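Chain by chain, the residues:
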Amino acid sequence: MLPMESSKACLRPRKPVARPCLHQFGFRGSEGLYMVNGPPHFTENTIFQRDSGRNCKVFTFSKDGSLFAWCNGEKINIVNVTSNQLLHTFDLPKTVCLEFSPKGNVLATWQPYTTAKDGAAGVPNLQLFNVQTGKCLKSFIQKKIQNWCPCWSDDESICARNVNNELHFFENNDFSTIANKLHLQKVTDFVVSPGDQPSKVAVYVPGSKGAPSFVRLYQYPVFGGPQAALANKSFFKADKVTLLWNSKATAVLVIASTEVDKTGASYYGEQTLHYIATNGESAVVQLRKNGPIYDAAWNPNSMEFCVMYGFMPAKATIFNLKCDPVFDFGTGPHNAAYYSPQGHILVLAGFGNLSGQLDVWDLKNYKLVSKPQASDSTYFAWCPDGEHIVTATCSPRLRVGNGYKIWHYTGSVLYKYEVQPNAELWQVAWQPFLEGTFPAKAVKYHTVPSKVPNEEPKPAQAYRPPALRDKPDTSSKLHENEPPQNMRPQSKGSDKPLSKTALKNQRKHEAKKVAKQEARAEGNPEIAPSSPVLNADHIVPPSVTSGDPEVDKKIKNLKKKLKAIEQLKDQAATGKQLEKNQLEKIQKEAALLKELEDLELGV
């Protein structure tokens, strides 16, 4: 996804401009670039002059929403949103990425890097402009679009870039001097913490030559010495990571991913979720269902986070800062979680190859508010007021049926727009407001009235042969969705969350059970028991001596080998890759059982 952009002020320091809290959003597509007034009007903003060109490549708002910048294929423009006053233009027609610094003092622009025909080095393609004066503060060479934008702290006291395994830090937007450096071997990713001073930075270094990958947290500017890191977490099985700070900068979630799952269990590779706090605490978040981790999101209150995980239908669970489960939403066709800006509502969504189902939850009472269907959506975003939502079908993800809908979280569609045939929608984004502008309101459960019918297509019926069409439907579902924990039949002790050890044992037992069932079905000789129903209870009978010390010794050794084989089978059932000699041991189980039986019978 291309980064969003922003806009800022004129030749003297800009004072905060009072503006009505009228929601609006930007629209970019083959029909041009323009602004649309949000609820309740849904009309085109006449103050902002439409840019009708078909080559608009990117637009962005500043963090406070007062400025707007875009590139129309000829130049970059920055305007004041309220007055539509043109503040600056920059002659950079090939720009494809724009982003404002958090306070809107700097606009970062990026163009694809190109070299000369004779192989000479290209010109700098990353520019930083002072929005107040329009002056270019600094130009850099940034070859890759990945992590192209410098990373600022919220107060813009520091700004960081990754340059050849070093993090370069600049202070107070003075890019003429590198204020500090953090050197780590092969550092590939970093994120500066949000919030107030002191600023912190999370750094990821991938493992190599048998060494583990690790994530470290530092407090700027304390980088030197072995004890400089606030926290350190090392782990294997990580080709890339996603680093997620909470808004108070007290903890980071690390989604570690591998490109390939060596066990063959998942097409998406393997994922693990780690929790790292700035006080040095760290933990692996124990998930109750095997499978990929689709999404993880912090509540804006920084006290809890939601994880979407497991083979479809995926499970969604909220965890506290101790990584203990707080609430289990059960399973469903979901792969993304979106907290409202106020943190009082959570939407569990299923996009991509899923049906677009939205489950809207009141987090105070853990009650389902609505369950609308946003089919074929490729984009979702909360309005800053925490009451309205936009979903859109954008190109090039989908080139047909492009358009957007404005929803109320109670499930009603307030406005619907579809582009003309053969036209495309490329980008939609709400105008942001500063945090705290819209306080949380009481959650409504009754659907808000709307004049727009929500014409969602009815789900297709399963095919039934002609001979069965007049008979009752007795077909069973492929998956039975697990209900939320407060809708399940109550049982003794069901309200108490399992401890980490109990949860680990439960997952191990479930994985073992599933693996054995699959092994029997597939006839896998490496894991399937080769003897009839014999378990540990049959393998280890009460101790009985034969009277011959040599025979007793052989019996003892055989039992020891069989116990080791049982442990190897348990490991294989949990997904661990066994060595060749370990698989050979498992295959010898039947012969050992026969030998043990013969010795105990005195044959």
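Rules used in this analysis
- Residues numbered from 1 in each chain as written.
- Predicted model: local features only at pLDDT ≥ 70, side-chain atom pairs only at ≥ 80, totals over all residues.
- Heavy atoms only, no water.
- Helix = DSSP H or I, 4+ residues; strand = E, 2+ residues; numbered from the N terminus.
- Buried < 20%, exposed > 50% of the residue type's maximum accessible area, 1.4 Å probe, protein only.
- Contact = heavy atoms within 4.5 Å.
- Areas by Shrake-Rupley, 256 points an atom, 1.4 Å probe, with all protein chains shown as cover.
- Expected span 1.5 Å × (residues − 1).
- pLDDT = per-residue confidence, 0-100.
- Polar contact = N/O pair within 3.5 Å; in protein donor to acceptor, adjacent residues only side chain to side chain.
- Salt bridge = Lys/Arg side-chain N within 4 Å of Asp/Glu carboxyl O.
- Pairing = 2+ DSSP bridges.
- Axes fitted to C-alpha atoms, helices over the stretch in contact; angles between N-to-C directions.
- Phe/Tyr/Trp six-rings, centres within 6.5 Å; stacked < 30°, edge-to-face > 60°.
- Lys NZ or Arg CZ within 6 Å of the ring centre and 35° of its normal.
- Core = buried A, V, L, I, M, F, W, Y, C linked by side-chain atoms within 4.5 Å.
- Parallel < 35°, antiparallel > 145°, perpendicular 65-115°, else oblique.
- Left-handed = near helix turned anticlockwise from the far one by under 90°.
- Nonpolar A, V, L, I, M, F, W, Y, C, P; charged D, E, K, R; others polar.

Bringing the overall build of the protein into the picture now. A count of helical and extended segments in the protein gives five helices and 35 strands. Residue burial in the protein is summarised as follows: out of 603 residues, 46% are buried. Considering only contacts within the protein whose residues lie at least 6 apart along the sequence, 49% involve residues at least 24 apart. Only carbon and sulfur atoms are counted for the fraction: they give 53% of the accessible area of the protein, which is about 32400 Å².

Let us look at helix H3 (residues 549–573). In a regular helix each residue adds 1.5 Å, so 25 residues correspond to 36 Å; H3 covers 36 Å between its end C-alpha atoms and thus fits that length. Inspection of H3 places Val551, Ile555, Leu558, Lys559, Leu562, Ile565, Glu566, Leu568, Lys569, Asp570, Ala572 and Ala573 among the buried residues, and these make up the whole buried set.

Here the protein shows a mean pLDDT of 82. Residues at 70 or above account for 83%. Per-residue pLDDT stays below 50 along residues 491–495; that stretch engages in one contact with residues further than four places along the chain or on separate chains.

Along the chain, Ser377 falls in the loop between strand S30 (367–370) and strand S31 (379–382). The class for Ser377 is buried, based on a relative accessible area of 7%. Here the side chain of Ser377 touches Ala374 through a polar contact of 2.9 Å, landing on its backbone oxygen.

Below, the discussion takes up the pattern of salt bridges. Applying the stated rule across the entire model yields ten salt bridges. A salt bridge links Glu424 to Arg399, with the nearest nitrogen and oxygen atoms 3.0 Å apart. With Glu424 in the loop between strand S34 (413–418) and strand S35 (425–430) and Arg399 in the loop between strand S32 (388–393) and strand S33 (403–408), the pair connects residues that are 25 residues apart, well separated along the chain. Note that Glu566 and Lys569 form a salt bridge whose closest N and O atoms lie 4.0 Å from each other. You can see Glu566 and its partner Lys569 sitting in helix H3, three residues apart, about one turn around the helix. You can call Glu566 buried: its relative accessible area is 13%. A single salt-bridge network, built from bridges that share partners, covers Lys315, Asp328 and Glu482.

The next point concerns the sheet that holds strand S3 (residues 58–61). Pairing is antiparallel across the open sheet formed by four strands, whose spatial order is S3-S4-S5-S6. Both outer strands of the open sheet, S3 and strand S6 (86–90), are each paired with one neighbouring strand and no more. Sheet twist, expressed as the average angle between the axes of neighbouring strands with direction ignored, equals 15°. Bridge count for strand S4 (residues 67–71) against strand S5 (residues 76–80) is five bridges, and the pairing is antiparallel. Across the sheet, Phe68 pairs through a bridge with Val79, a residue of S5.

Here we take up the sheet that holds strand S1 (residues 24–29). Through backbone hydrogen bonds, the strands of a sheet pair up, either in parallel or in antiparallel fashion. Judged by pairing direction, the sheet is antiparallel, and its three strands sit side by side in the order S2-S1-S35 without closing on themselves. The open sheet terminates on both sides in strands that have one partner only, identified here as strand S2 (32–37) and S35. Adjacent strand axes in the sheet meet at a mean angle of 20°, parallel and antiparallel pairs treated alike. Bridge count between S1 and S2: six bridges; the pairing is antiparallel. Residue pairing in the sheet places Gly26 in a bridge with Met35 of S2.

Omega for the peptide link from Pro39 to Pro40 comes to 10°, which places this bond in the cis form. By secondary structure assignment, the location of Pro40 is in the loop between S2 and S3. With an omega dihedral of 0°, the bond running from Gln197 to Pro198 counts as a cis peptide bond. By the secondary structure assignment, Pro198 is in the loop between strand S15 (189–192) and strand S16 (200–205). With phi around 60°, Asn84 is a residue other than glycine that occupies positive phi space. When you line up the elements, Asn84 lands in the loop between S5 and S6. A positive phi is found at Glu156, a non-glycine position, where the angle reads about 60°. In this fold, Glu156 is placed in the loop between strand S11 (151–152) and strand S12 (158–163). Since its relative accessible area comes to 3%, Glu156 is described here as buried.

Let's shift gears to the packing of aromatic side chains. Applying the stated criterion across every chain, the model contains 31 aromatic pairs. Ring plane angle 85° and centroid distance 5.7 Å describe the contact between Tyr218 and Phe223, whose orientation is recorded as edge-to-face. Counting every residue linked through ring pairs, the aromatic cluster contains Phe25, Phe27, Tyr34, Phe42, Tyr404, Tyr415, Tyr417 and Trp430. Lying across the ring of Tyr34, Arg50 places its NZ or CZ 3.9 Å from the centre.

Pairing of strand S9 (residues 126–130) with strand S10 (residues 136–140) involves four bridges; the strand directions are antiparallel. Across the sheet, Phe129 pairs through a bridge with Cys136, a residue of S10. Hairpin connection, S9 to S10: the antiparallel pair is bridged by five residues, and Gly134 has positive phi, about 80°.

Before going further, it helps to examine the nonpolar core. With 19 residues, the main nonpolar core has Phe27, Tyr404, Leu425 and Val428 as its most contacted residues. Listing elements by their share of this core, those giving two or more residues are S1, S2, S32, S33, S34 and S35. Looking at this core element by element, the count peaks at three residues for S35. Once residues lying within four places of it in the same chain are set aside, the contact partners of Phe27 are Gly32, Leu33, Tyr34, Phe59, Tyr404, Tyr417, Val419, Leu425, Gln427 and Val428. In this structure, Ala160, Val187, Phe214 and Tyr218 belong to the second largest nonpolar core, which totals 18 residues.

The next point concerns the environment of Leu363. Assignment of secondary structure puts Leu363 in the loop between strand S29 (358–362) and S30. For the pair Leu363 and Gly343, spaced 20 residues apart in the sequence, the C-alpha separation amounts to 8.1 Å.

Attention shifts here to the pairing of S16. Summarising burial for S16: six of the six residues are buried, a large majority. Burial along S16 is two-sided: Lys200, Ala202 and Tyr204 and Val201, Val203 and Val205, pointing in opposite directions, are all buried.

Two packed helices can be described by the angle between their axes and the distance between those axes. Interhelical geometry of H3 versus helix H4 (residues 580–587) gives an angle of 120° and a closest axis separation of 9 Å. With respect to each other, H3 and H4 are oriented oblique. Relative to H4, the crossing made by H3 is left-handed. Listed contacts from H4 to Ile565, Leu568 and Lys569 of H3 are Gln582, Lys585 and Ile586. Its residues assigned to classes, the contact of H3 with H4 comprises three nonpolar, one polar and two charged.

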